[in-house]
Structures are given as structure tokens and as C-alpha cells.
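Chain by chain, the residues run as shown.
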Amino acid sequence: MKKEIKPLEPDLMDKLMALCKHRGFIIPGSEIYGGLANSWDFGPYGALLKQNIRRAWLKHFVTSRDDVVLMDSSIIMNSRVWEASGHLQNFTDPLVDCKKCKKRFRADHLLEARSLEPGYDKEKPVDWLEIKCPECAGDLTEVRQFNLMFKTSVGPVAESGAVVYLRPENAAGMFTDFKSIQQSMRQRLPFGIAQIGKVFRNEVTPGNWIFRTREFELMELEYFIHPRGWEKVFDMWLGEIKSWLKSLGVRDEHLYFHEIEGADRAHYSKRTVDIEYNYPFGLKELYGLAYRTDFDLSQHAKTSGADLTYTDPVTNETFVPHVVEPSMGLERTVLVTMLEAYHEEEAPTAEEGATDRRVVLKFPKHLAPIQVAVLPLSKKEELMGPSQSLAQELRQHLVVEYDETQSIGRRYRRQDEIGTPYCVTIDFDTIQDKAVTVRDRDSMKQERVKITEVVGYLIKKYS
Ligand code: GAP
């Protein structure tokens, strides 16, 4: 039974999208050509946010541990990889078209929507003929399977080139290179190989902004184990995912850990948990965690003829390693991090006693695209000179933005909207008392700090 979780306000998505476009976090792809449906570009702040998430993920899942190594495999692989993994045959979505308006839908999504309707009887099988087009109520075609892999060819002449595919997941590289990495890194089981990289899926119904797109980044980890005790390993990675989500600022009450029942699991999986989030458009998958047994290495060994077994140096037992796989989309991570960070609140203005509504992205500090803003109170030379030198000194240690335009109040609001944790203001008193004002994004408290100490003071905030 699914827990009832109230979705975030539906208009939060629109507000966030508008803010992201306005402030250059996420902008429509190919916009000057009228765009390309469901393609999104990450502008300067978005690209920095993504980079910070990648870095934090790397630390959390790889470099802070002694049992996981990193790799970066090719996007275009030998096509037999996809034969072995089952993607050529099974990486499909069920597709239907509306006979009247010609719109295309995923049959499973229509069935899911049906199951949420009032009066739905779980025991009674749905008559597919009863399901009509959600847009125009027209009749739908028969369901057919559509392969999601993007096909292309290598070599200068398309007709005679070898057919290849853009990888739809990173995992394959970790499986094909398992033995090589295990041996070169002298790893003993249990150990993991992790990878962050772009993947491509020709989704039938992309949408909900960056939630479902045709190219996205996966942060994935294959943890190779002896099958004995897999349950404990599974729980350990579930715990790691939970603590990772906490570090992003994701609130527990927005999450649902969905234990996938036997019939709904991939045939090779013995346990799968979908980590779901209550997006403004409903409770949907954020990440996945699966115990994939020895399916992958066995399949690759069978198809390639390579020996992918492992011999335990203590027991001398030789076996095909089993795998537990945490798999996390980067763009969905960006989305939930931003949904959690978005706040609107009443805040005092520069005018005595007055307030206005401020929008503030309360990112965890280590994820904020800009770490410190340096803001001279006026454009007068005696303030700009020391401000620019301070900004330059800070840039050696932190990510800094220097801004001398508009009123100080508007500059604070702008930094709030991009989530900058600290603003440093240089004012006319600075010339006399050799101190600057440091403003905290969340409490809006201001503190006077000596100019000679402010660099160390801010570095400490991030260490
Ligand atoms: N190797 C396992 C695997 O690829 P998946 O559930 O197909 O599993 C893993 O994908 C994760 O990738 C999802 O949990 C989600 O975070 C992300 N993801 C999947 N499809 C996506 C899409 N079209 N756009 C953005 N992110 C997506």
C-alpha cells in the first residue's frame, strides 16, 4: 500500500522554471531556432550547481571509501554489449498512438493514470479498449514495443558503417571492464566501480522539464559481491542513498521507498527499491537500487567468451560476482535539490520597518553555485579598488561573484535568488575601520569582520 504523500504545490514547478530561466540556471535548448522539444541547457549557475553535485557524489560514493573506484567508459560501445545486456531486445517502452489527434503515449503511463482514478478496482483487469486518448478521448492503436536506444553508425559512409548505439546507461562499461579494473587495481570483493556520464534514451514521452529528457547524466555504481549476505550489502547502499539525500537537503517526508514486487521487477533482479519523490506533478521515481544477481557478468561472459569469474584468495572459491547497483540521475538530483531549496519569505528591506517578499534558494552551502558575492556599496573609486582586490584574493580559494550594479538591496535579492550563502559589502566605513560586512543568506544577519581576516573567515565557513 502506497503511503499518501501530498505533492509539493503544483505551481512550484512553474516558479522554479521561471527563476531558472531568468537567472541563467536552466534555459531551453536551441532556443534561437525555436527550441528542440524537451532539450534543456544548463547556463552558468546551473552548470556550477551540476558540477558541485557531481563532486559531492564522487566524495560520498567513491573517494570517502576504500572499496569503490572510478572509471569513465566510452559512450559508443561494441553493439554486442547491448545484445548481451538485453537492451537490444528488451529496452523498450509500450507505445500507443491516438487514431484521432495522432498524439503518442506510453501505454504503462495511461494504465497507471487509470489506477489512480476513483472507483478503480485493483482486482479487475483493465479492458484496454476502455482506455481513450487523455487529450481528445479518441480511440487508441494497439500497443507496440519501441526500442529506446539511439542508433547511429561509425565510419564516414552511413550505409556501409557498422551500426552502433549511444549508451542508454553507464553500467555496461563497469561490467565489460570489470576484470581489467579488478586486476589492475588489485581489488578484492566486495568492491565497486562507479561512473558519472551522459546517457541517451529516445523516450516516448519526455517531459516535466528536466525530469524526463532524452539525454541525461547517470551517477551509477556497480558493487561486486559474493551472493552470500547480499541482503546486508543492499541495506548498506540504501542507507548510503538516504544519507546522500539528507546531504542535499531533501526532507524525509517528501520521499517514499517503494519496494518493487516480484512480478514488477526485472526478471534478473531479486530485490529492487525505487526511491520516489513527491514532485509537484506527483510521486515518481528519483533513484533506483537493485540487486541484479550475477545476470550481467554471466551474460557478458557468455556473449564475449571472456572469463569474468573471480577467485577468492582466501577460500579459493571461483564464482561469477553478483552485483548491487545504486543508480542516480543527475538532472533529477538537480531538480529535487532546487525544489527543496526554493523558499519565498517576508524579509526586511533597507527601509526602516518595511518588508517585501524575497525568493531565496537555500542550497546546502557546499552545493551553492556562487560561494561569496563581493558588493561595493557605491561605484566610487575608493570602494571599488579594495572591493576588486578582495574579490580577486577570494577567487584563489572560493567561487566568487563581483557585482557593483544597482542598489545594495536589489543586489542582495539577486544573490538570494541564486542561493549565494555569503555577501561581503564594502562601505564608506571600511576606509576608516578596515572592516567589511558579511551577510548570511538564511538568517540575513550581518557581521562586521576585519578586512585582513575576512578571507580566512570565509574559507572556514566552507571547510
Ligand atoms: N542501470 C540502471 C538504470 O539505468 P534506470 O531506472 O533506467 O536504471 C536510473 O535509470 C536513473 O536514471 C533513474 O532512477 C533516474 O534518476 C534517471 N533517469 C532515468 N530515465 C531518465 C530520463 N529520461 N531523464 C532523466 N533522468 C532519468
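For the structure itself, look to the data block above.
Now for a quick tour of the structure. (Residues numbered from 1 in each chain as written. Predicted model: local features only at pLDDT ≥ 70, side-chain atom pairs only at ≥ 80, totals over all residues. Heavy atoms only, no water.)

Digging into the environment of Arg-271
- Structurally, the position occupied by Arg-271 is in strand 12 (residues 271-279).
- The sequence separation of Arg-271 and Ile-260 amounts to eleven residues, and the corresponding C-alpha distance is 7.3 Å.
- With near-sequence residues (within four places) excluded, Arg-271 lies in contact with Trp-230, Phe-234, Asp-235, Leu-238, Glu-259, Arg-265, Leu-289, Ala-290 and Tyr-291. (Helix = DSSP H or I, 4+ residues; strand = E, 2+ residues; numbered from the N terminus. Contact = heavy atoms within 4.5 Å.)

A few points about the site of the ligand
- Taken together, the neighbourhood of the ligand is formed by 17 residues, with Glu-169, Glu-203, Glu-220, Glu-285 and Leu-286 sitting nearest.
- One of the backbone N or O atoms of Thr-213 is found 2.9 Å from a nitrogen atom in the ligand.
- A total of 560 Å² of accessible area belongs to the ligand in isolation, and the protein chains cover 89% of it.
- Taken together, the elements giving at least two residues each to the shell around the ligand come down to strand 10 (215-225), strand 13 (282-291) and strand 16 (322-329).
- The leading source of residues in the shell around the ligand is strand 13, at four residues.
- Of the residues contributing to the shell around the ligand, the split by class is five nonpolar, four polar and eight charged. (Near = heavy atom within 4 Å. Polar contact = N/O pair within 3.5 Å; in protein donor to acceptor, adjacent residues only side chain to side chain. Areas by Shrake-Rupley, 256 points an atom, 1.4 Å probe, with all protein chains shown as cover. Nonpolar A, V, L, I, M, F, W, Y, C, P; charged D, E, K, R; others polar.)

Describing the environment of Lys-365
- Checked against the element boundaries, Lys-365 lands in the loop between strand 18 (355-361) and strand 19 (372-376).
- Considering only alpha carbons, one finds Lys-365 and Gly-419, 54 residues apart in sequence, at a separation of 8.7 Å.
- When near neighbours in sequence (up to four residues on either side) are disregarded, Lys-365 contacts Pro-421, Tyr-422, Lys-461 and Tyr-462.
- One polar contact links the side chain of Lys-365 to the main-chain carbonyl oxygen of Lys-461, over a distance of 3.1 Å.

Overview of the nonpolar core
- Residues Phe-25, Trp-244 and Leu-245 are the most contacted members of the largest nonpolar core, which totals 62 residues.
- Broken down by element, the residue count for this core peaks at eight residues, all from helix 8 (residues 230-247). (Core = buried A, V, L, I, M, F, W, Y, C linked by side-chain atoms within 4.5 Å. Buried < 20%, exposed > 50% of the residue type's maximum accessible area, 1.4 Å probe, protein only.)

What about the packing of aromatic side chains?
- Tallying each qualifying case throughout the model produces 20 aromatic pairs.
- Plain terms: the ring middles of Trp-230 and Tyr-291 are 4.2 Å apart, the flat faces sit at 20 degrees to each other, and that makes the pair stacked. Taken as a pair, Trp-230 in helix 8 and Tyr-291 in strand 13 lie far apart in primary sequence, 61 residues in all.
- Here Trp-230 falls in the buried class, since its relative accessible area comes to 14%.
- Seen in terms of ring centroids, Tyr-277 and Tyr-279 are 5.0 Å apart; in terms of plane orientation they differ by 70 degrees. Their pairing is edge-to-face. (Phe/Tyr/Trp six-rings, centres within 6.5 Å; stacked < 30°, edge-to-face > 60°.)

Examining the sheet that holds strand 11 (residues 255-259)
- Here seven strands make up an open sheet; going across it, the order is 3-9-10-16-13-12-11 and the pairing mixed. The two strands at the open ends of the sheet, each matched to only one other strand, are strand 3 (68-70) and strand 11. Ignoring strand direction, the axes of neighbouring strands in this sheet form an average angle of 25 degrees.
- Here nine bridges tie strand 12 to strand 13, and the two strands are oriented antiparallel to one another. (Pairing = 2+ DSSP bridges. Axes fitted to C-alpha atoms, helices over the stretch in contact; angles between N-to-C directions.)

Observations regarding the sheet that holds strand 6 (residues 144-147)
- The strand order across the open sheet built from three strands is 5-4-6, with neighbouring strands paired in antiparallel fashion. Edge positions in the open sheet fall to strand 5 (104-106) and strand 6, since each of these has one partner strand only. Direction aside, the axes of adjacent strands within the sheet are offset by 45 degrees on average.
- As defined by bridge partners, strand 4 (residues 92-97) adjoins strand 6 across four bridges and the pair is classed as antiparallel. Of the residues in strand 6, the one forming a bridge with Asp-93 is Phe-146.
- Against the sheet, helix 5 (residues 107-115) engages strand 4 and strand 5, with an angle of about 70 degrees to strand 5.

Quick notes on the side chain of Glu-340
- As for its placement among the helices and strands, Glu-340 is situated in helix 10 (residues 330-341).
- Within the local environment of Glu-340, its side chain forms a polar contact with the side chain of His-254, the two groups lying 2.6 Å apart.
- Residue contacts for Glu-340: discarding those within four places in its chain leaves Gly-249, Val-250, Arg-251, His-254 and Tyr-277.

Focus: helix 5
- Taken together, the buried positions of helix 5 are occupied by Ala-107, Leu-110 and Arg-114. The buried residues of helix 5 occupy an angular sector of 60 degrees when the element is viewed end-on, so they sit on one face.
- Those residues of helix 5 that are buried lie in contact with strand 4 and strand 5. (Arc of directions from axis to C-beta.)

Structural notes on the pattern of salt bridges
- One pass over the structure, following the stated rule, counts 37 salt bridges.
- Between Arg-144 and Asp-97 there is a salt bridge whose closest N-O contact spans 2.8 Å. Here Arg-144 is found in strand 6, whereas its partner Asp-97 is found in strand 4, with 47 residues between them in sequence.
- The exposure class assigned to Asp-97 is buried, which follows from its relative accessible area of 11%.
- Between Arg-228 and Glu-317 there is a salt bridge whose closest N-O contact spans 3.8 Å. Here Arg-228, found in the loop between strand 10 and helix 8, pairs with Glu-317, found in the loop between strand 14 (310-311) and strand 15 (318-319); they are 89 residues apart in sequence, far enough to count as distant.
- The exposure class of Arg-228 is exposed, given its relative accessible area of 63%. (Salt bridge = Lys/Arg side-chain N within 4 Å of Asp/Glu carboxyl O.)

That is the geometry; function is a separate question.
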